[in-house]
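# Architecture at a glance
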Amino acid sequence: MTDSLIPLIFGMAAVTYVPRLMPFLLLNRLRIPYRVNAFLKVIPVAAIGALIVPGVLTATPELPAAALAGMGFTLVYGLFRGGIIVPVLGAVGVAWLVLAFFG
Amino acid sequence: MMKMEIRHAVQAGIPIFIGYFPAAVAFGILAKGCGTSLVEAFLFSAVVFAGASQFIALNLLMTGMGPAGIILTTLLVNFRHFLMSAYLSTRLRNLARKTYFLLAFGVTDEVFSVLSFHDKRLTPRFVFFLELSAWSGWVSGTVCGFVLGGFLPDILTQSMGVALYALLLAILLPALKASRQTVFLAVMSAGLNTLLIRLDFLPAGWTIIVCILVVALVGAFLIPEKKEMLSD
């Protein structure tokens, strides 16, 4: 590659940043109708399911079972004990073990 | 008080850092393989700061696509953050304009997810330091990948790849436990996304946009009376 990529990079940065910014500027002082607010409030739940599945199935491409075992740990530990750090590190550990033994 | 808040933000950012770092190492290695300079690889991560779209951009560069096409693709891939910022704006109201200019930069999928289910009031300082933790993982990983190459054993990279998904699940679990409706909506969103990706007719990034729109509409109109879960 001989051309500098820097103009491209800043172009990408601009089209990424503007959609991240606009809602804040448009909505922050607006009175948001009840229904719209109800819609906005469900966005996190609506997003996270899709952010996890099906992506997680390719997190450990050579052995999807490793990622699933890790997620199983997160699910069980998270349901009973809660927290973030332990469920996350535990998932990494379990996936590592499965990959080490069966990969 | 201020120090505590920063500490909490950094703590909340650690799982994101753990997830971003190895993914960014992979990006750094790939960028170098594609012939970018260190400065360019660094800038990709430092100013675009949007994982999937950066990988896609490298792929498109290799196919010989011009800048206009790549920028348009980036816009499409990253447009889902528009909806995420729309949600976050309901929790960060009446701040100074310049604060929004700063905080909007760091709205990634994972930052959004962590902030969404943070059960305390969101303050600009908390948001900023959470974003900074995520950003440092992404940028430092990119530089390490570029400079050091494949220094992480493959098995570690792969298992650390699970961290981001585990993080999203761990964040969602308390809400799943608290309400059947949340379970229903999350499963619906996961199922719909799988279906849309299978059908393969939407550009990258838009399956998630469709999922958010459809599932949030269902959630808002069929089940309007859910109380606290996402209170501010």
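To keep things clear, this report deals only with the structure shown in the data block.

About the criteria used
- Residues numbered from 1 in each chain as written.
- Chains lettered and ligands numbered in written order.
- Predicted model: local features only at pLDDT ≥ 70, side-chain atom pairs only at ≥ 80, totals over all residues.
- Heavy atoms only, no water.
- Helix = DSSP H or I, 4+ residues; strand = E, 2+ residues; numbered from the N terminus.
- Rg over C-alpha atoms; globule rule 2.2 N^0.38 Å.
- Buried < 20%, exposed > 50% of the residue type's maximum accessible area, 1.4 Å probe, protein only.
- Contact = heavy atoms within 4.5 Å.
- Areas by Shrake-Rupley, 256 points an atom, 1.4 Å probe, with all protein chains shown as cover.
- Patch = residues over 30% accessible without salt bridge, like charges linked within 9 Å, V, L, I, M, F, W, Y side chains within 5 Å.
- Salt bridge = Lys/Arg side-chain N within 4 Å of Asp/Glu carboxyl O.
- Axes fitted to C-alpha atoms, helices over the stretch in contact; angles between N-to-C directions.
- Parallel < 35°, antiparallel > 145°, perpendicular 65-115°, else oblique.
- Left-handed = near helix turned anticlockwise from the far one by under 90°.

## Some remarks on the overall build of chain B
Along the backbone of chain B there are twelve helices and zero strands. Counting helices and strands in the order they occur from the N terminus, chain B gives α-α-α-α-α-α-α-α-α-α-α-α. Relative to the 2.2 N^0.38 estimate, which gives 17 Å for 232 residues, the radius of gyration of chain B is 18 Å and therefore close to what a compact globule would have. For the C-alpha atoms alone, the extent of chain B along its principal axes is close to 55 × 50 × 40 Å. Counting across all 232 residues of chain B, residues that qualify as buried make up 54%. In chain B, once contacts between residues fewer than 6 apart in sequence are set aside, the share between residues at least 24 apart is 77%. When the accessible surface of chain B is split by element, carbon and sulfur atoms take 70% of a total near 10000 Å².

## Digging into a nonpolar patch on the surface
Taken together, A:Ile84, A:Ile85, A:Val86, A:Leu89, B:Val10 and B:Ile14 make up a surface patch of nonpolar side chains, about 420 Å² in accessible area. Listed by contribution, the elements that provide at least two residues to the nonpolar patch are α4 (85-102) of chain A together with α1 (2-33) of chain B. The greatest single-element share of the nonpolar patch, amounting to three residues, is contributed by α4(A). If you trace the backbone, A:Ile84 turns up in the loop between α3 (64-80) and α4. By relative accessible area, which is 30% here, A:Ile84 ends up partly exposed.

## Points about the packing of helix α7 (residues 109-116) of chain B against helix α10 (residues 162-178) of chain B
Residues and elements named next belong to chain B. With their axes 9 Å apart at the nearest point, α7 and α10 run at an angle of 20 degrees to one another. Here α10 runs roughly parallel to α7, going by the angle between their axes. Between α7 and α10 lies a crossing of left-handed hand. Contact residues: Glu110, Ser113 and Val114 in α7; Leu164, Leu167, Leu168 and Ile171 in α10.

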